[in-house]
Amino acid sequence: HATFASREVSLCTICRRYMVESQVRTPDLSVGASPSLEPRPSSAVRGMRHSLGRNDTVDVEVHSATAAIVTLRGDHDLASAHEIATALEAASVQRSVLVDLSECTFIDSSVITALLRASNNLHASGGQLALVIAEGQHRAIRSVFEIMSLERLMPAFETRAAAISHLETERPAA
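Please read these numbers as outputs of a predicted model, since none were measured by experiment. (Residues numbered from 1 in each chain as written. Predicted model: local features only at pLDDT ≥ 70, side-chain atom pairs only at ≥ 80, totals over all residues. Heavy atoms only, no water.)

(A) Spotlight on the overall build of the protein chain. Helix and strand content of the protein chain: five helices and eight strands. Counted from the first residue to the last, the protein chain has its helices and strands arranged as β-β-α-β-β-β-α-β-α-β-α-β-α. With 174 residues in all, the protein chain has 45% of them scored as buried. Long-range pairs, those at least 24 residues apart, make up 67% of the contacts in the protein chain with a sequence separation of at least 6. (Helix = DSSP H or I, 4+ residues; strand = E, 2+ residues; numbered from the N terminus. Buried < 20%, exposed > 50% of the residue type's maximum accessible area, 1.4 Å probe, protein only. Contact = heavy atoms within 4.5 Å.)

(B) Expanded view of unusual backbone geometry. Phi at S149 is positive, roughly 55°, even though this residue is not glycine. Along the chain, S149 turns up in the loop between α4 (139–147) and β8 (156–157). Using a relative accessible area of 36% as the deciding quantity, one classes S149 as partly exposed.

(C) Main features of the pairing of strand β7 (residues 128–132). For β7, the tally of buried residues reaches five of five residues, placing the bulk of the element in the interior. In this sheet, β7 lies alongside strand β6 (residues 96–107) in parallel orientation, the contact comprising five bridges. Paired with L98 across the strands is A130, a residue of β7. With helix α3 (residues 109–124) bridging β6 and its parallel neighbour β7, the resulting β-α-β unit is right-handed. The sheet contact formed by β7 and β8 spans two bridges and is parallel. Within β8, the position partnered with V132 by the bridge is F157. (Pairing = 2+ DSSP bridges. Right-handed = clockwise from strand over helix to strand, strands pointing away.)

Okay, structure coming up:
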C-alpha cells in the first residue's frame, strides 16, 4: 500500500502479481507525478492524444456520429488514470465508446475503475462501452478481465471490427 494525496491506494492482488512476474515498474505515487490534463470541450474529441511516457499514450477519435474510440498504448496505471478518465469522459459525448486495449501492455486497478465508471455512466445515459482485447500478444490484459468477470459488464472483442459491429447493432440494456 502507498499513500497518495492522503488516501491509501492499493493494487489488486492480480495486478500486483502481474507486476512482480513481469518486473513492471511500480507507479510513481509522489504528489505531482501524474501529468495534468485539463478537460476539453466535446468539439476537441477528434484527434485528442496524450503522451504519458515514452510509449504510453491515450488517443481519442470520433468513429461515427454515435461512436468514439479510445486507444490505450503501453503501460497504464495510477499515474495515467486521470488522463484515461478524462479521455473516456470526452468520448462519452458519443452514445457508444470503444476502448481499444490491443496495444496496451499493462493496466492496474485504477484503470479498471476508470473503465467501470465510464461504462456505468454510459449505461445510465442509454449508451454502451465495449473493449478490444486481442487474444494473442498481451494475454495478461485479457486474463485480468476474465478472472474478474468484467466481460459481463463490458463486452470484450478480439478485433476493432467485431467491437464496432457490436456497438452498431446492439441496443444498450435499459
